[in-house]
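# Summary of the model geometry
Residue-level listing of the chains:
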Amino acid sequence: LRARSSHESFVTDGVLTNEMLQYLRGAVQQRKHVLVFGPAGAGVSLLLAMLTRLLPDHERVVAIEQVPSASLLNPQVLPLSRRALPRVGLDELLSRGALLRYDRLLLDDLQPQDIYSALFAAAGSRGALLGLHAPNTEVARSLLEHAARSERAGNSLPGPLVAAAVQLLVHVGVDGAGTRKILGLSELRLTAAETLELRRLFHYDGKGFVASFLGP
């Protein structure tokens, strides 16, 4: 995903369809928490940056990233570079970010040891955007559940915390021709038994994008 001047060019370049873009626009404007994941180099950070372009213009976003990228596409983003503060942990950066009175929180380049703090922060915010390196949906979900079962989480079940922090999963990667795309877009829900349920909304089948499920 190269740097782009507008979110519409992601459609032009075949990263996603216009239908998917409109769905993502509605999701972020409804303040759903979104997790973007994929392998290193797949464009996780730039897709997160694109999502900030879908937010209302008046909203202030604090972005905690390894290297600022969201601020390149949205002037309302206030970057906190982890690379510039290598000795400062995520919890301290979150405390500093809270002083900026943000409307939205963006957390990218999450490491396994960061995930619990990120989930806890997202669950307490409105419409968080998260970025994680994971090769597929199963690994991403496993990382989330493992973090929610950590000693810091106590004895609680992982489902409620994960579902409170993440409602939409966006899997980015490359197709057989090496072109970067959204390979899958899924909704994460909590069942009555407090387990996590995934509903696939869109996916790339190797030939094109398929709308898998758009029910209530």
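Right, let's walk through the structure included here. (Residues numbered from 1 in each chain as written. Predicted model: local features only at pLDDT ≥ 70, side-chain atom pairs only at ≥ 80, totals over all residues. Heavy atoms only, no water.)

### Some words on the nonpolar core
If you look at the biggest cluster of nonpolar residues, it comprises 35 residues, and the most contacted ones within it are Leu 35, Ile 64, Leu 107, Leu 119, Leu 130 and Val 166. At the level of elements, strand E1 (34-38), strand E2 (61-65), helix H5 (90-98), strand E4 (104-110), helix H6 (115-123), strand E5 (129-133), helix H7 (137-148) and helix H8 (158-165) are the ones that each hand at least two residues to this core. Examining the composition of this core, we find that six residues originate from one element, H6, more than from any other. In this structure, Leu 16, Met 50, Leu 55 and Leu 185 belong to the second largest nonpolar core, which totals 30 residues. (Core = buried A, V, L, I, M, F, W, Y, C linked by side-chain atoms within 4.5 Å. Buried < 20%, exposed > 50% of the residue type's maximum accessible area, 1.4 Å probe, protein only. Helix = DSSP H or I, 4+ residues; strand = E, 2+ residues; numbered from the N terminus.)

### Some thoughts on the packing of H6 against H8
At a minimum axis separation of 7 Å, H6 and H8 run at an interaxial angle of 60 degrees. H6 and H8 meet at a crossing whose hand is left-handed. For the pair formed by H6 and H8, the contact residues are Tyr 116, Leu 119, Phe 120, Ala 122 and Ala 123 on the first element and Leu 161, Val 162, Ala 164 and Ala 165 on the second. For the contact of H6 with H8, the per-class residue count stands at nine nonpolar, no polar and no charged. (Axes fitted to C-alpha atoms, helices over the stretch in contact; angles between N-to-C directions. Left-handed = near helix turned anticlockwise from the far one by under 90°. Contact = heavy atoms within 4.5 Å. Nonpolar A, V, L, I, M, F, W, Y, C, P; charged D, E, K, R; others polar.)

### Observations regarding the environment of His 33
Note that His 33 resides in the loop between helix H2 (18-29) and E1. Between the C-alpha atoms of His 33 and Leu 130, which are 97 residues apart in sequence, the distance is 7.9 Å. Residues within four places of His 33 in sequence aside, it is in contact with Ala 122, Ser 125, Arg 126, Gly 127, Ala 128, Ala 164, Ala 165, Val 166, Gln 167 and Leu 168. At 3.2 Å, the side chain of His 33 forms a polar contact with the backbone oxygen of Ala 122. (Polar contact = N/O pair within 3.5 Å; in protein donor to acceptor, adjacent residues only side chain to side chain.)

### Examining the environment of Ile 115
The residue Ile 115 is located in helix H6 in this model. Among the residues examined, Ile 115 registers a relative accessible area of 3% and is labelled buried. C-alpha of Ile 115 to C-alpha of Ala 165: the two residues are 50 residues apart in sequence and 11 Å apart in space. Beyond its immediate chain neighbours, meaning those up to four positions away, Ile 115 contacts Leu 132, Leu 143, Leu 144 and Ala 147.

### What to know about the pattern of salt bridges
Under the definition given, this model contains seven salt bridges. Notably, a salt bridge pairs Arg 104 with Glu 59, separated by 2.6 Å at the nearest N-O pair. Separated by 45 residues along the polypeptide, Arg 104 in strand E4 and Glu 59 in the loop between helix H3 (44-52) and E2 bring together distant segments of the chain. On the basis of relative accessible area, Arg 104 is assigned to the buried category, the value being 1%. The shortest N-O distance in the salt bridge between Arg 189 and Glu 187 comes to 2.8 Å. We classify Arg 189 as partly exposed; its relative accessible area is 27%. Via salt bridges that share partners, Arg 31, Glu 59 and Arg 104 belong to a single interconnected network. (Salt bridge = Lys/Arg side-chain N within 4 Å of Asp/Glu carboxyl O.)

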